[in-house]
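Fold and geometry: a report
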Amino acid sequence: MAGMELRRAGGMSADTLFRRITGTGVLILFVVLTGLVVAFVGYSNPLWTIQSPIDFLTSSTWSTGTIDESGQIVDALYGASGALFGTVATSLIAVLFAAPIGILAAIFLVEFAPPRLAAPLTFIVELIAAIPSVVFGLWAAGDLSNRLRDTIEWWIASSFGRFLPFLSEDPESPAADSVFRAGFLLAIMILPMVVAVSREFIRSVPISLREGYIGMGATKWEVIRDVILPTARIGLIGGVLLALGRAIGETIAVTMVIGNAEGVPSSLFQPGQTVASKIASNIGEASGEIAIGAMAALGLSLFLLTTVISLVVRVLVRRFAVTGGRA
Amino acid sequence: MSTPVASIAKLLTQPTSGERARQRINGGMRVIVGVSAFLAILPLIALILFVILKAAPYLVPTFFFNNPLDKEPGVLNAIVGSLQLSGLTVLISGPIGIAGGVYLSEFASPRVVATGETVIDVMLGVPSIVAGVFAYLILVPVLGFSGWAAVAALSILTLPIMMRSTQEVLRLVPQAIREASLALGVPVWKTALFVSVRTALPGILTGVILAFSRALGETAPLLMTARGTNAENWLDFSTTMNAMPIVIYQYSNAAGDLLIGQAWATALILMVIALTINVLVRGRTVNSRTA
């Protein structure tokens, strides 16, 4: 709209030059994205000469192999199922905690809190997002992790651990690090994002919808349950997915508390690894194009996961903008 | 005295049991959402208090002015390195991102806008470790572990942030003042630069500062590019550089209370810088919005 009119008014060479210069900025972004795709596909290619992508996704053995008499690497197998399991487990745990608390907190901020309280609370929640992830990792490794082990983790393990295999733990000697604790830390880290996005979408529900229902005698909670949540639903789902994408890619904080153990852990309360933490802790030792290829393959899978999530969120939010909510 | 009218009035004003249950649920949910909001800010309070507590004993003046191998160890080289890496990152990604944002807002056809916004969304979702691996695969073999490789990785992460924020604030500039400028015969490029961008400049600069803050806190991409060093490095981006996140990560794994204490102290410095930037920038944005 704006662009069309400006363009019609243009035509002078200085204008063309300016348009080309600014257009280069967009072009560079396209080139960077293309470069990322080409580099990860290209560098991961050598790996597929010794094994199939199926092995990569399903095997839990990560072995650089041995060198035989002729100097050839034999028996190398790069299976990422342990890391993929850790990524899925930690990010689902994160969303499990962050989604309900974040959405309810956003409801409080928009619907219940008096303006004098809502503004500073919103500000404080946004500040959480400004704290560098390495500081979260340090805090978790030094304090939070042990507290979780002795409280929530202990409670879950002693309540459900006997009959649910993935939730078992030896109460006498809990592991030093665990997948669960990494997931819980991620929940804290993605919480501001869930709150911020939920708040925007809850706020965008037209005031007339609320007033209509209140006029029929509904209580505040009934308005939220029957009007606001259904209307904002797609946006809320989008916000949670966005936070999920953030959790999947988070690296350093997870690396500091998950224990970086190979394979699929027998329980969520055992140490494990995620795709991102595996890259961070293994890339320094990777040498040779096949080992580097395995690292690129890990990076590629992270990239594909987060890209799919970004695109799904984009489609969802677009649909929200079209079908209503925002009036 | 009980007339029929009075008893009807009583029936109407007294809540029924169903009504009471609804009110109870409403009260209960009010408590639950309030508690959730409290739970949402609890970690920030706990984290800040704990970091201050752990860092305080190690935050002596020499810590800011000495380097790791000095007799009284400090993290001057990491502070300097972090500022240089983040500074150069916004110097590179800033102009490119702002230019792209201007193009998307002022010139691009709807189809280019849609494509550009999709690419920005995808790039915003790229995990920092992916940018780090990219620089590690492409640049480190050529340039070695270096500030340049780190700046490249950080720029990949800040570029879409800059472009998105520029485009968003330019969208808020009223169309009427663009038209007024064009009607006066001002060329399109001057209108874009001295009317649109000029009006949106505070918002654009906010985006630059937030991108700087984001670059300051990144860790994973730095570990595989700038890598860290004990030496002080001023403006030599062709070799290894230290940075606060690198120090925090490496010292946290180190043996000995002294190094771990230094990790906490560095974390406090980094956190204070990041929070101060955000408080200043966001506080200002809130004020200008209400004014």
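Residues numbered from 1 in each chain as written. Chains lettered and ligands numbered in written order. Predicted model: local features only at pLDDT ≥ 70, side-chain atom pairs only at ≥ 80, totals over all residues.

Considerations on the overall build of chain A
The helix and strand tally for chain A stands at 12 helices and 4 strands. On the principal axes, the C-alpha backbone points of chain A span a range of 80 × 70 × 30 Å. Counting only residues that meet the buried cut, chain A has 48% of its 327 residues in that class. Here the analysis covers contacts within chain A between residues at least 6 apart in sequence; of these, 76% occur between residues at least 24 apart. (Helix = DSSP H or I, 4+ residues; strand = E, 2+ residues; numbered from the N terminus. Buried ≥ 20, exposed ≤ 12 C-beta atoms within 10 Å, placed from the backbone. Contact = placed C-beta atoms within 7 Å.)

Concerning the overall build of chain B
Counting its regular elements, chain B contains 13 helices and 0 strands. When its helices and strands are written in sequence order, chain B yields α-α-α-α-α-α-α-α-α-α-α-α-α. In terms of overall dimensions, chain B is more spread out than a globule: its C-alpha atoms have a radius of gyration of 27 Å, far above the 19 Å expected for 291 residues. Expressed as lengths along the three principal axes of its C-alpha atoms, the size of chain B is roughly 95 × 65 × 35 Å. The buried share among the 291 residues of chain B stands at 48%. (Rg over C-alpha atoms; globule rule 2.2 N^0.38 Å.)

Section: the interface of chain A and chain B
The interface of chain A with chain B comprises 77 residues on the first partner and 78 residues on the second. Counting residues per element, the side of chain A that touches chain B draws most heavily on helix 2 (residues 13-44) of chain A, which supplies 18 residues. Along the lines of polarity and charge, the residues of the side of chain A that touches chain B split into 53 nonpolar, 17 polar and 7 charged. (Nonpolar A, V, L, I, M, F, W, Y, C, P; charged D, E, K, R; others polar.)

Concerning the packing of helix 4 (residues 81-112) of chain A against helix 7 (residues 179-203) of chain A
All names here are of chain A. Their axes nearest at 5 Å, the elements helix 4 and helix 7 cross at an angle of 40°. Helix 4 and helix 7 meet at a crossing whose hand is right-handed. Its residues assigned to classes, the contact of helix 4 with helix 7 comprises 24 nonpolar, 6 polar and 2 charged. (Axes fitted to C-alpha atoms, helices over the stretch in contact; angles between N-to-C directions. Left-handed = near helix turned anticlockwise from the far one by under 90°.)

Brief notes about the domain arrangement of chain B
Residue and element names in this part refer to chain B. For chain B, the domain assignment lists domain 1 (4-57) and domain 2 (59-290). Taken residue by residue, the interface counts 6 residues in domain 1 and 7 residues in domain 2. Its residues placed into classes, the side of domain 1 that touches domain 2 shows 5 nonpolar, no polar and 1 charged. (Domains from an automatic or database assignment.)

A short note on helix 11 (residues 275-282) of chain A
The element helix 11 of chain A is extensively covered by neighbouring structure, given that 6 of its 8 residues are classed as buried. Here helix 11 of chain A has its buried residues at Val275, Ala276, Ser277, Lys278, Ile279 and Ala280 of chain A.

What about unusual backbone geometry?
Residues and elements named next belong to chain B. Positive phi is not limited to glycine here, since Arg227 has a value of about 70°. For Arg227, the location among the structural elements is in the loop between helix 11 (220-223) and helix 12 (244-252). In this model, Leu235 sits at a positive phi of 65°, which is unusual for a non-glycine residue. Within the secondary structure layout, Leu235 lies in the loop between helix 11 and helix 12.

Re the packing of helix 7 of chain A against helix 9 (residues 220-249) of chain A
Residue and element names in this part refer to chain A. Taken N-terminus to C-terminus, the directions of helix 7 and helix 9 make an angle of 150°; their axes are 8 Å apart at the nearest point. Here helix 9 runs roughly antiparallel to helix 7, going by the angle between their axes. The crossing of helix 7 and helix 9 is right-handed. For the pair helix 7 and helix 9, contact is made by Leu186, Ile190, Met193, Val194, Val197, Ser198, Phe201 and Ile202 and by Ile228, Ala232, Gly235, Leu236, Gly238, Gly239, Val240, Leu242, Ala243, Arg246 and Ala247, respectively. (Parallel < 35°, antiparallel > 145°, perpendicular 65-115°, else oblique.)

Section: helix 4 of chain A
For helix 4 of chain A, spanning 32 residues, the distance from its first C-alpha to its last is 45 Å, which sits close to the expected 46 Å at 1.5 Å a residue. The buried count for helix 4 of chain A comes to 23 of 32 residues, which makes it a mostly enclosed element. (Expected span 1.5 Å × (residues − 1).)

As for the confidence of the model for chain A
Averaged over all residues, the pLDDT of chain A equals 90, while 94% of them reach at least 70. The model gives residues 1-5 of chain A a pLDDT under 50, and that stretch makes 7 contacts with residues more than four places away or in other chains. (pLDDT = per-residue confidence, 0-100.)

A closer look at the nonpolar core
Core analysis: the biggest nonpolar cluster contains 191 residues, and Val135, Leu185, Ile190 and Val194 of chain A together with Ile248 and Ala267 of chain B have the highest contact counts within it. Residue contributions to this core reach at least three from each of two domains, namely domain 1 (4-57) and domain 2 (59-290) of chain B. Apart from the residues lying within four places of it in its own chain, the contact partners of Ile248 of chain B are Val134, Val135 and Leu138 of chain A together with Ala263, Thr266, Ala267 and Leu270 of chain B. (Core = buried A, V, L, I, M, F, W, Y, C linked by C-beta atoms within 7 Å.)

Overview of the confidence of the model for chain B
Residue and element names in this part refer to chain B. Within chain B, residue pLDDT values average 92, and 97% of them lie at 70 or more. Of the regions scoring below 50 in pLDDT, residues 287-291 engages in 1 contact with residues more than four places distant in sequence or in other chains. Here the predicted complex carries an ipTM of 0.92, next to a pTM of 0.93.

Regarding the environment of Val134 of chain A
Among the structural elements, Val134 of chain A can be located in helix 6 (residues 133-160). Note on Val134 of chain A: 31 C-beta atoms within 10 Å, which makes it buried. Through-space distance from the C-alpha of Val134 of chain A to that of Trp221 of chain A is 39 Å; in sequence the pair is 87 residues apart. Contact partners of Val134 of chain A, with chain neighbours within four places excluded, come to Ile252 and Ala253 of chain A together with Thr219, Pro245, Ile248 and Tyr249 of chain B.

Focus on the environment of Pro15 of chain B
Residue placement: Pro15 of chain B occurs in the loop between helix 1 (4-13) and helix 2 (17-55). Separated by 224 residues in the primary sequence, Pro15 of chain B and Thr239 of chain B have C-alpha atoms spaced 76 Å apart.

So, the environment of Gly239 of chain A
All names here are of chain A. Position of Gly239 among the secondary structure elements: in helix 9. The buried category is assigned to Gly239, around which 28 C-beta atoms lie within 10 Å. In this structure the C-alpha to C-alpha distance between Gly239 and Asn282, which are 43 residues apart in sequence, comes to 32 Å. Excluding anything up to four places from it in sequence, Gly239 contacts Val194, Val197, Ser198 and Phe201.

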